[in-house]
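# Reading the structure
So you can see what is in the structure, the chains are spelled out below.
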Amino acid sequence: MRKVSFPNRLNISNVISENFNVKFLSLGKCNFLTCLTFNACLLYDKKMTRIDKFASDLEKIKKRSSSADFLSEARDFFCREYKNSSLAQSFAFWWEQNSPSDSPNVEKLVALSSLLDCKVEGTECFSPSDWKELCQIVNSEAEDLPLDLLNDLMIIFVDKQAI
């Protein structure tokens, strides 16, 4: 870690720009605290998404539970996150059946969460056969799904050539 010393009078944005390779807009005259607050916001502006939160909570469950209990606890957590919908339960059952009990694939459960949110990001871990199985699950649950969710999922399945 590089130590940065601050002289008495200094524009903090210049120090940060020089040491962290970051460009800032000129704010004109402002006091040290305002510059520091503004610059800190620019450096740490990543917001946690629902999927990030789900993955983080899943890691906490993994750390606190035994390997024998993790599959069922993760499945139950997944279903609770999606209000015990029949599609979430079917996806969780599929994940549980396709995960080895000694090392469950957490990445796939996070990807299922992403898929239920109709996001393609994070679903790279699914194989072509996984996509086809997931499409069959959605087809079997289709009459109970809201039309907009079904439509969005079908668009994803067409893009992934699962239909």
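Heads up: the structure comes first, above all this text.
Below is a summary of the structure that appears in this document.

Reading the values: rules and limits
- Residues numbered from 1 in each chain as written.
- Predicted model: local features only at pLDDT ≥ 70, side-chain atom pairs only at ≥ 80, totals over all residues.
- Heavy atoms only, no water.
- Helix = DSSP H or I, 4+ residues; strand = E, 2+ residues; numbered from the N terminus.
- Buried < 20%, exposed > 50% of the residue type's maximum accessible area, 1.4 Å probe, protein only.
- Contact = heavy atoms within 4.5 Å.
- Areas by Shrake-Rupley, 256 points an atom, 1.4 Å probe, with all protein chains shown as cover.
- Core = buried A, V, L, I, M, F, W, Y, C linked by side-chain atoms within 4.5 Å.
- Axes fitted to C-alpha atoms, helices over the stretch in contact; angles between N-to-C directions.
- Left-handed = near helix turned anticlockwise from the far one by under 90°.

### Some remarks on the overall build of the chain
Helix and strand counts for the chain come out as 8 helices and 0 strands. Tracing the chain from N to C terminus, the helices and strands come up as α-α-α-α-α-α-α-α. Expressed as a percentage of its 163 residues, the buried residues of the chain come to 36%. Sequence separation of 24 or more characterises 52% of the internal contacts of the chain that already satisfy a separation of 6 or more. With the model as given, the accessible surface of the chain reaches about 10900 Å², and the carbon-plus-sulfur share is 53%.

### Observations regarding the nonpolar core
Formed by 39 residues in total, the largest nonpolar core has its most connected members in F78, F91 and F157. Among the elements of the structure, α3 (50–64), α4 (67–81), α5 (86–98), α6 (106–116), α7 (128–141) and α8 (147–159) are those that each provide at least two residues to this core. Per-element tally for this core: the top contributor is α6, with 7 residues. Excluding anything up to four places from it in sequence, F91 contacts F78, L112, L115, L116, L134, I137 and V138.

### Digging into the packing of α5 against α7
Across the interface, α5 lies against α7 with an axial gap of 10 Å and an inter-helix angle of 150°. Remark: the crossing between α5 and α7 carries right-handed chirality. Counted together, S86, L87, S90, F91, W94 and N98 of α5 and D130, E133, L134, I137, V138 and E141 of α7 form the full contact between these two elements.

### Some remarks on the environment of W131
Of note, W131 is situated in helix α7. Given the relative accessible area of 4%, W131 is considered buried. Taking C-alpha positions, W131 is 9.6 Å from I156, a pair spaced 25 residues apart along the chain. Those residues within four positions of W131 in sequence are excluded, and the remaining contacts are L115, T123, F126, I156, F157, K160 and A162.

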